[in-house]
There are 2 protein chains.
Amino acid sequence: MARKSSLSGFPEWLPQERLVELHVLDTLRRTFELHGFSSVETRAVETVGQLLRKGEIDKEVYAVSRLQDEDTGAAGDDSLALHFDLTVPFARYVVENAGHLAFPFRRYQIQKVWRGERPQEGRAREFTQADIDVVGDGALPFRYDIELALVIAEALSALPIPDFQLRINNRKLAEGFYRGIGLTDTPGVLRSIDKLEKIGPAKVAELLKTELGATAEQAEAALSLAGIRTEDTSFVDRVRALGVEDPLLEEGLAELEQVIAEASKRAPGKVIADLSIARGLDYYTGTVYETVLVGHEALGSICSGGRYDALASKGNRTFPGVGLSIGVTRLVTRILSQDFAAASRQVPTAVLVTLANDDSWSAAQDVAAALRGRGIPVEVAATAEKFGKQIKFADRRGIPFVWFTSEDGAHEVKDIRSGEQSAADPSSWTPPVDDRWPAVLPQG
Amino acid sequence: MARKSSLSGFPEWLPQERLVELHVLDTLRRTFELHGFSSVETRAVETVGQLLRKGEIDKEVYAVSRLQDEDTGAAGDDSLALHFDLTVPFARYVVENAGHLAFPFRRYQIQKVWRGERPQEGRAREFTQADIDVVGDGALPFRYDIELALVIAEALSALPIPDFQLRINNRKLAEGFYRGIGLTDTPGVLRSIDKLEKIGPAKVAELLKTELGATAEQAEAALSLAGIRTEDTSFVDRVRALGVEDPLLEEGLAELEQVIAEASKRAPGKVIADLSIARGLDYYTGTVYETVLVGHEALGSICSGGRYDALASKGNRTFPGVGLSIGVTRLVTRILSQDFAAASRQVPTAVLVTLANDDSWSAAQDVAAALRGRGIPVEVAATAEKFGKQIKFADRRGIPFVWFTSEDGAHEVKDIRSGEQSAADPSSWTPPVDDRWPAVLPQG
């Protein structure tokens, strides 16, 4: 894994690494489809105006322009840029296709996104995200906030990664609490609280006091709230013990209690209430999610999201939604760098059909076709080299079986790992199920 | 299918259309893997220098730059652009990773590519290609030229498309023939011949005479060659009958004869020798392939490629290869616009578990989990609306089965198409195999 990508921030995998990524992608897709999510892809480009609608993120955007177009200087709202996430494009897609979708609409979307950030471990310029969202027309039952946490917990549990912790908070709870103690600049407080893990409570208190004019008591109360983290619904009593009263706080408490009550039952230990979770982006309006790999917290969140009540709208019709996004490239990079999992071989091929002589290529293709017809991946040797060389060809690739057809038409198959060789019939022989396709196996 | 994409040349599919695309992609992937091709993905961007190495195509390239970067004016060789095919990036990948790959290396690559061309039917600005290539280190047996034609014929045969015709020619044959009649500007002749289908033989003859200085006899001979198209190896005699002698012509004839002899046996009617096939790009050195949908020839080639002896090189080490590229978006666009195939439903979900009352959501999740554990895609209703409304929810999505659990815990499942309803056990009930997942079925 010491290989460097030739362009910093744009990782590329070797074939055996790509098998691990494919395993992750296939596992996510299957989980999402088992839960009834439809696949959607959006174009890689959006207009700059669409991308910058939410502000704050313009520095990360890659603009796209015709190389031969003289007019590249002025990047107007109509000019194009690569999407930096899948939420903004999906919101546009929902508005454009609302007449063709059945709401609540549940979709998954697995695509590359691009951000012009400084590359570092866990942060690439081109990376794959896997998103699920449920979007309603006008209204969306709260239960989807619970369901999506459970779907993500199930999806992540199926991956070859260490224990994870899905940390959940609620914006209403936080905003109501801050208001209850007299702090009304919610985005400002959230931005400060968001820095808790990086700069520690003392400096966050300083920020609250100097930048938001909080009193020592207000700062302390805000930090007390952010310090609450429970695996069950006991956070409710701990918040109440802080003695703050506000109707929005009550609403948020009730919502988060519902999520944690159900999730702690169905995914015990995987889902916790963490009242420090803030999420930078400003469109979340209720539940917010973050996820860390236990023991790899410094990697940052591997799956984040939340509830948004008005990300998309069309006239006075609004589309509230709730969704999460898995950082696939971040996860795969860590799986590979820490050897959490590896592919059992580097090629799909289970059987190499050898050539006894140069005229037997067509007959060898018949054998291969018979095996493939039963779902066995097969290659045919291209030239009738000595058998030793043909076996070495298979060995170098980790192909487990080598097929021989003698000039009188007798077939034998050899397991080159054990050396065992026996007669075989192309119309019925099958490798052990574990050898049929490369498997991605947890290591260590 | 009357929907217009909101950005011309950047098609996006509705969920039920995406199911057709996924079916195409899954089918291609499975065929390629059954033939031992490894999956590779390369980054979306290349340096401009890398992309323009082969010249001629700069007008189609989309440059990429940081939106906030002041220095976008001068696009140097190191600046970035979106790849316009998968061959150039793959060549770079092979050179960069040669030490980690086992040669001959066979890979498939399914990714989006971008070209700043004027959009029209069958020609998008963002589209998906599915490529297979085999690349050798120093040398590559000719047999791969035959094998790749067979793999592509098998892959295309598995798709819900009309009859196709894989048309094959050989650059050596053409070049040797032209040389034999005294025309030495091979690229020039090929460019003229390439226009045959568009402008007709008379105008091509004019071009050959005015632009390349051909005599009437030379033009006639070149057109006679281009007029040869056979389903078997009889093209060899027809070329010989033209009375031209050249060693390169003989080499090309022998190669093409091998391809057609084997392919006409293994994929009869699907693969033909067509001596008019030229292929614009200049890196092909032997076999060249094009593919048309019969009855849809105006759509252009849906799968093209060829043999290249020196696409990639590293010092004095060269990597010859042979490969083909399927235009997935072009195919899917045609499948959808002509209703060649459609998905049997618009969502993955086979079963909607209804709620008898609002407290039964968690119990409904238990039922859903039991079914999903057996690979059945399931959704749970979010609210305990009247059963009629919950059934309508399923009906609108084409979900075939609705599950009811009464307050005393009895389970029943209803096929909402037939109206049949019967007792069911969550731990054993299974839908008919055809209903489990949405199927993509050929139409009409």
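The shown structure was predicted, so the numbers you read here are calculated from the model rather than taken from an experiment.

Parameters at a glance
- Residues numbered from 1 in each chain as written.
- Chains lettered and ligands numbered in written order.
- Predicted model: local features only at pLDDT ≥ 70, side-chain atom pairs only at ≥ 80, totals over all residues.
- Heavy atoms only, no water.
- Helix = DSSP H or I, 4+ residues; strand = E, 2+ residues; numbered from the N terminus.
- Buried < 20%, exposed > 50% of the residue type's maximum accessible area, 1.4 Å probe, protein only.
- Contact = heavy atoms within 4.5 Å.
- Areas by Shrake-Rupley, 256 points an atom, 1.4 Å probe, with all protein chains shown as cover.
- Lys, Arg positive; Asp, Glu negative; His and termini not counted.
- Charge placed at Lys NZ, Arg CZ, Asp CG, Glu CD.
- Pairing = 2+ DSSP bridges.
- Axes fitted to C-alpha atoms, helices over the stretch in contact; angles between N-to-C directions.
- Least-squares fit on C-alpha atoms with pLDDT ≥ 70 in both.
- Salt bridge = Lys/Arg side-chain N within 4 Å of Asp/Glu carboxyl O.
- Domains from an automatic or database assignment.
- Buried area = accessible area lost by both parts, 1.4 Å probe.
- Polar contact = N/O pair within 3.5 Å; in protein donor to acceptor, adjacent residues only side chain to side chain.
- Nonpolar A, V, L, I, M, F, W, Y, C, P; charged D, E, K, R; others polar.
- Parallel < 35°, antiparallel > 145°, perpendicular 65-115°, else oblique.
- Left-handed = near helix turned anticlockwise from the far one by under 90°.

## Quick word on the overall build of chain A
Logical step 1: Along the backbone of chain A there are 14 helices and 19 strands.
Logical step 2: Here the C-alpha coordinates of chain A stretch approximately 90 × 60 × 45 Å along the principal axes.
Logical step 3: Going through the 444 residues of chain A one by one, you find that 58% of them count as buried.
Logical step 4: The long-range fraction of contacts in chain A, counting pairs at least 24 apart against all pairs at least 6 apart in sequence, stands at 69%.
Logical step 5: Taken as a whole, chain A presents about 17700 Å² of accessible surface, with 48% of it coming from carbon and sulfur.
Logical step 6: A gap of 2 Å separates the mean positions of the 51 positive and 65 negative side-chain charges of chain A.

## With respect to the pairing of strand S6 (residues 126-135) of chain B
Residue and element names in this part refer to chain B.
Logical step 1: Here S6 lies mainly inside the structure; ten of its ten residues are buried.
Logical step 2: In S6, alternate side chains face the same way, and those of Glu-126, Thr-128, Ala-130, Ile-132 and Val-134 on one face and Phe-127, Gln-129, Asp-131, Asp-133 and Val-135 on the other are all buried.
Logical step 3: Note: strand S5 (residues 105-114) against S6, ten bridges, orientation antiparallel. In the strand pairing of S6, Arg-106 is matched with Val-134.
Logical step 4: Where S6 and strand S12 (residues 317-327) come together, seven bridges link them in antiparallel fashion. Following the sheet pairing, Val-135 is matched in S12 by Gly-321.

## A word on the sheet that holds strand S5 (residues 105-114) of chain A
All names here are of chain A.
Logical step 1: Strand order in the open sheet made by the nine strands is S1-S5-S6-S12-S11-S10-S7-S9-S8, with mixed pairing throughout. Of all the strands in the sheet, just strand S1 (38-39) and strand S8 (229-230) have a single pairing partner and so form its edges.
Logical step 2: In the packing of helix H11 (residues 328-337) onto the sheet, the strands contacted are strand S6 (126-135), strand S10 (287-293) and strand S12 (317-327), and the crossing angle to S12 comes to about 10°.

## A closer look at the relation of the copies chain A and chain B
Logical step 1: Rotating chain A by 180° and translating it 0.0 Å along the rotation axis places it on chain B, where the RMSD comes to 0.0 Å. Taken together, the rotation and translation describe the operation of a two-fold axis. Among all residues of chain A, the minimum C-alpha distance to the rotation axis is found for Val64(A), at 2.3 Å.
Logical step 2: Mapped onto chain B, 100% of the interface residues of chain A are again interface residues, and the two copies thus contact each other with one and the same surface.

## Some details on the pattern of salt bridges
Logical step 1: Counted according to the given criterion, the structure contains 62 salt bridges over all chains.
Logical step 2: In this structure, the salt-bridge partner of Asp137(A) is Arg317(A), at a minimum N-O distance of 2.9 Å. Of this pair, Asp137(A) sits in the loop between S6 and helix H4 (143-157) while Arg317(A) is found in strand S12, placing the two residues 180 residues apart along the sequence.
Logical step 3: Overall, the relative accessible area of 31% leaves Arg317(A) in the partly exposed class.
Logical step 4: Arg229(B) is the partner of Asp274(B) in a salt bridge, and the nearest nitrogen-oxygen pair spans 3.0 Å. Here Arg229(B) lies in strand S8 (residues 229-230) and Asp274(B) lies in strand S9 (residues 271-274), a separation of 45 residues in the sequence.
Logical step 5: The partly exposed category is assigned to Arg229(B), whose relative accessible area is 40%.
Logical step 6: Three or more residues are tied together by salt bridges with common partners; here these are Glu12(A), Arg43(B), Glu46(B), Arg92(B) and Glu96(B).

## Digging into the environment of Val135(A)
Residue and element names in this part refer to chain A.
Logical step 1: Here Val-135 is to be found in strand S6.
Logical step 2: Each C-alpha atom, one on Val-135 and one on Pro-104, is 5.3 Å from the other, the two residues being 31 residues apart in sequence.
Logical step 3: Not counting chain neighbours up to four residues away, the residues in contact with Val-135 comprise Phe-90, Val-94, Phe-103, Pro-104, Phe-105, Leu-140, Tyr-308, Phe-319, Pro-320 and Gly-321.

## A look at the domain arrangement of chain A
All names here are of chain A.
Logical step 1: Each assigned domain of chain A is listed with its residue range as follows: domain 1 (15-42 + 86-343), domain 2 (45-82) and domain 3 (351-442).
Logical step 2: Look at where the C-alpha atoms of domain 1 and domain 3 centre, and you get two points 49 Å apart.
Logical step 3: On the domain 3 side, the residues contacting the seven residues of domain 1 number five residues.
Logical step 4: Interface of domain 1 and domain 3: buried area, both sides summed, is about 450 Å²; carbon and sulfur atoms make up 70% of it.
Logical step 5: Together, Leu-19, His-23 and Ala-342 form the three largest contributors to the area buried by domain 1 at its contact with domain 3, with a combined 52%.
Logical step 6: Taken together, the links from domain 1 to domain 3 amount to zero salt bridges.
Logical step 7: At the boundary of domain 1 and domain 3, one finds one residue pair in polar contact (both at pLDDT 80 or more).
Logical step 8: Broken down by secondary-structure element, the contributors of at least two residues to the side of domain 1 that touches domain 3 are helix H1 (15-34) and strand S13 (341-343).
Logical step 9: Split by residue class, the side of domain 1 that touches domain 3 holds six nonpolar, one polar and no charged.

## Examining the packing of H1(A) against H11(A)
Residue and element names in this part refer to chain A.
Logical step 1: At a closest axis distance of 10 Å, the pairing of H1 and H11 adopts a crossing angle of 135°. As judged from the angle between their axes, H1 and H11 are oblique. Between H1 and H11 lies a crossing of right-handed hand. Along the contact surface, H1 presents Glu-17, Val-20, Glu-21, Val-24, Leu-25 and Leu-28, while H11 presents Val-328, Val-332, Ile-335 and Leu-336.
Logical step 2: Here the contact of H1 with H11 is composed, by residue class, of eight nonpolar, no polar and two charged.

## Observations concerning helix H6 (residues 186-193) of chain B
All names here are of chain B.
Logical step 1: For H6, a buried count of six out of eight residues is recorded, marking the element as mostly surrounded by other parts of the structure.
Logical step 2: Regarding H6, the residues found buried are Thr-186, Gly-188, Val-189, Leu-190, Ser-192 and Ile-193.
Logical step 3: Contact partners of the buried residues in H6: helix H5 (171-180), helix H7 (196-212) and helix H8 (216-226).

## Considerations on the interface of chain A and chain B
By a widely used convention, the size of an interface equals the accessible area lost when the partners come together.
Logical step 1: If you look at the interface, chain A gives 90 residues, while chain B gives 90 residues.
Logical step 2: When chain A packs against chain B, close to 8000 Å² is buried across both sides, 52% of that on carbon and sulfur atoms.
Logical step 3: Summed over the shared surface of chain A and chain B, the result is 14 salt bridges.
Logical step 4: On the surface where chain A and chain B come into contact, there are 54 residue pairs in polar contact (both at pLDDT 80 or more).
Logical step 5: Per-element tally for the side of chain A that touches chain B: the top contributor is H1(A), with eight residues.
Logical step 6: Classifying every residue of the side of chain A that touches chain B gives 43 nonpolar, 18 polar and 29 charged.

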